[in-house]
Amino acid sequence: MVISPLQTYEKLLAAYGEQHWWPADTPFEMMVGAILTQNTSWHNVEMAIANLKEHQMLNHETIASSNLHQLAEIIRPSGSFMQKARYLQHFSLFYIEQGERKGLMKWPMSVQRTRLLALYGIGPETADSILLYALDRPAFVIDSYTKRLFVRLGHFDHILGYDGIQHYIQQRLPESLPLFQEFHALIVEHAKRYCKSKPLCGECPLFDCCPTAASSTVEISRTIMPDI
Ligand code: SF4
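Owing to the predicted nature of the structure, the values given are computational and were not obtained by experimental measurement.

Participant: I keep staring at the packing of aromatic side chains and nothing clicks. Help me out?
Facilitator: Given two aromatic rings, one states the distance between the centres and the angle between the planes to describe the pair. Summed over all chains, the structure comprises 14 aromatic pairs. Seen in terms of ring centroids, W21 and W22 are 5.8 Å apart; in terms of plane orientation they differ by 70°. Their pairing is edge-to-face. Using a relative accessible area of 10% as the deciding quantity, one classes W22 as buried. Relative to F91, the ring of F28 has its centre 6.4 Å away and its plane inclined at 25°; by these criteria the two rings are stacked.

Here it is, written out as structure tokens:
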């Protein structure tokens, strides 16, 4: 019997407590973080955001009108910095055109998502992170940690695409903004602590309900005791 997404959420919440995401002072900072975090660690994003703050550039108008090369140098710690500087400028121009957050909030979530996805450098994971944490919309974010966890818990016998996984999980959860925000943060915490690319199943709070735990225990046992 596969543990449901809601039960998974409850177990992770009991194990780790509330995560109080997203770490940012303003919604625009959240949006910048969602763009910069593509293909890099959060530590690198923090350095890039600290640089933007130090240069007083963490502002949509300043980013939109900045010199591209100077902006790229400032966000260099986030990696792919020329590309991400372009993404940030395109996004900032869009943000101004839309009337900032207030203007964006006039649209239903489906329109907001379509407009975000039409932007240069914004894919579904980034768009949903912006929707969920900066625009307070119930869009469940599917990142590599989420895919890995639900595959290991036995939900998919093949890898679905982004939209397929999102639909599958959202169908099985109450549509709740705080729940979606908290669940994504808990999954990230869980992936960092235990459900790594090489999982540490022995101490995992989902050990008793995870089909992968049994097979990895056999693997671990084989390593320690070759005769098993
Ligand atoms: S038991 Fe192992 S594979 Fe399963 S969720 Fe925990 S760490 Fe991941």
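Participant: What is the right way to look at the site of the ligand in this model?
Facilitator: Around the ligand, a shell composed of L149, R152, H190, Y194, C195, P199, C201, C204, F207, C210, T212 and A213 is seen. Looking at the shell around the ligand residue by residue, the class counts come to nine nonpolar, two polar and one charged.

Participant: Looking at this structure, how should I read the nonpolar core?
Facilitator: The nonpolar side chains of a soluble globular protein tend to be buried, and buried together. In terms of nonpolar packing, the biggest core is built from 65 residues, with L36, F91, L116, I130 and F183 touching the most fellow members. Sort the elements by how many residues they give to this core and helix 2 (residues 27-36) lands first, with seven residues. Ignoring sequence-local partners within four residues, the contact set of F91 consists of F28, M31, I35, L116, L119, I122 and I130.

Participant: Looking at this structure, how should I read the pattern of salt bridges?
Facilitator: In the structure shown here, the tally under the stated rule is seven salt bridges. The residue K53 makes a salt bridge to E29 at a minimum N-O spacing of 3.2 Å. Taken as a pair, K53 in helix 3 (residues 42-54) and E29 in helix 2 lie far apart in primary sequence, 24 residues in all. Between D128 and R113 there is a salt bridge; the shortest N-O distance is 2.8 Å. Of this pair, D128 sits in helix 9 (residues 124-134) while R113 is found in helix 8 (residues 109-117), placing the two residues 15 residues apart along the sequence. An identical accessibility class is assigned to D128 and R113; each is buried.

Participant: Help me understand unusual backbone geometry, please; the structure alone is not making it clear to me.
Facilitator: Most peptide bonds adopt trans geometry, and most residues besides glycine take a negative phi value. Of note, the amide linkage connecting W21 to W22 takes the cis form, showing an omega dihedral of 0°. Of note in this structure, Q56 is not a glycine but carries a positive phi near 50°. Relative to the elements of secondary structure, Q56 occurs in the loop between helix 3 and helix 4 (60-65). Looking at Q56, the relative accessible area reads 68%, which means it is exposed.

Participant: Explanation requested: the side chain of K84 in the structure shown.
Facilitator: Within the element layout of this structure, K84 appears in helix 6 (residues 81-97). In this structure, K84 is buried with no salt-bridge partner, the nearest side chain bearing the opposite charge being E125 at 11 Å. If sequence neighbours within four positions are ignored, K84 has contacts with I35, L36, T37, Q38, T40, I75, S78 and G79.

Participant: Looking at this structure, how should I read the environment of R76?
Facilitator: Mapped onto the secondary structure, R76 falls in the loop between helix 5 (68-74) and helix 6. For R76, a relative accessible area of 41% puts it in the partly exposed group. With 32 residues separating them in the primary sequence, R76 and N44 have C-alpha atoms 8.9 Å apart. There is a polar contact of 2.9 Å between the side chain of R76 and the side chain of E73.

Participant: Would you take a moment to explain the packing of helix 8 against helix 9 for this structure?
Facilitator: The contact between helix 8 and helix 9 brings their axes to 9 Å, and the two run at 135°. One way to sum up the angle between helix 8 and helix 9 is to call them oblique. At the point where helix 8 passes helix 9, the crossing takes the right-handed sense. Residue-level contacts link M109, Q112, R113, L116 and L117 of helix 8 to P124, A127, D128, I130 and L131 of helix 9. Residues of the contact of helix 8 with helix 9, tallied by class, amount to seven nonpolar, one polar and two charged.

Participant: Looking at this model, I keep getting lost on helix 9. Mind explaining?
Facilitator: Owing to its 3.6 residues per turn, the α-helix brings residues three or four apart onto one side. The buried fraction of helix 9 is high, at nine of 11 residues. Taken together, the buried positions of helix 9 are T126, A127, D128, S129, I130, L131, L132, Y133 and A134. The secondary structure elements touched by the buried residues of helix 9 are helix 2, helix 6, helix 7 (100-104), helix 8, helix 11 (162-171) and helix 12 (177-193). The first or second residue beyond helix 9 is D136, which carries a positive phi of 55°.

Thresholds applied
- Residues numbered from 1 in each chain as written.
- Predicted model: local features only at pLDDT ≥ 70, side-chain atom pairs only at ≥ 80, totals over all residues.
- Heavy atoms only, no water.
- Phe/Tyr/Trp six-rings, centres within 6.5 Å; stacked < 30°, edge-to-face > 60°.
- Buried < 20%, exposed > 50% of the residue type's maximum accessible area, 1.4 Å probe, protein only.
- Near = heavy atom within 4 Å.
- Nonpolar A, V, L, I, M, F, W, Y, C, P; charged D, E, K, R; others polar.
- Core = buried A, V, L, I, M, F, W, Y, C linked by side-chain atoms within 4.5 Å.
- Helix = DSSP H or I, 4+ residues; strand = E, 2+ residues; numbered from the N terminus.
- Contact = heavy atoms within 4.5 Å.
- Salt bridge = Lys/Arg side-chain N within 4 Å of Asp/Glu carboxyl O.
- Lys, Arg positive; Asp, Glu negative; His and termini not counted.
- Polar contact = N/O pair within 3.5 Å; in protein donor to acceptor, adjacent residues only side chain to side chain.
- Axes fitted to C-alpha atoms, helices over the stretch in contact; angles between N-to-C directions.
- Parallel < 35°, antiparallel > 145°, perpendicular 65-115°, else oblique.
- Left-handed = near helix turned anticlockwise from the far one by under 90°.

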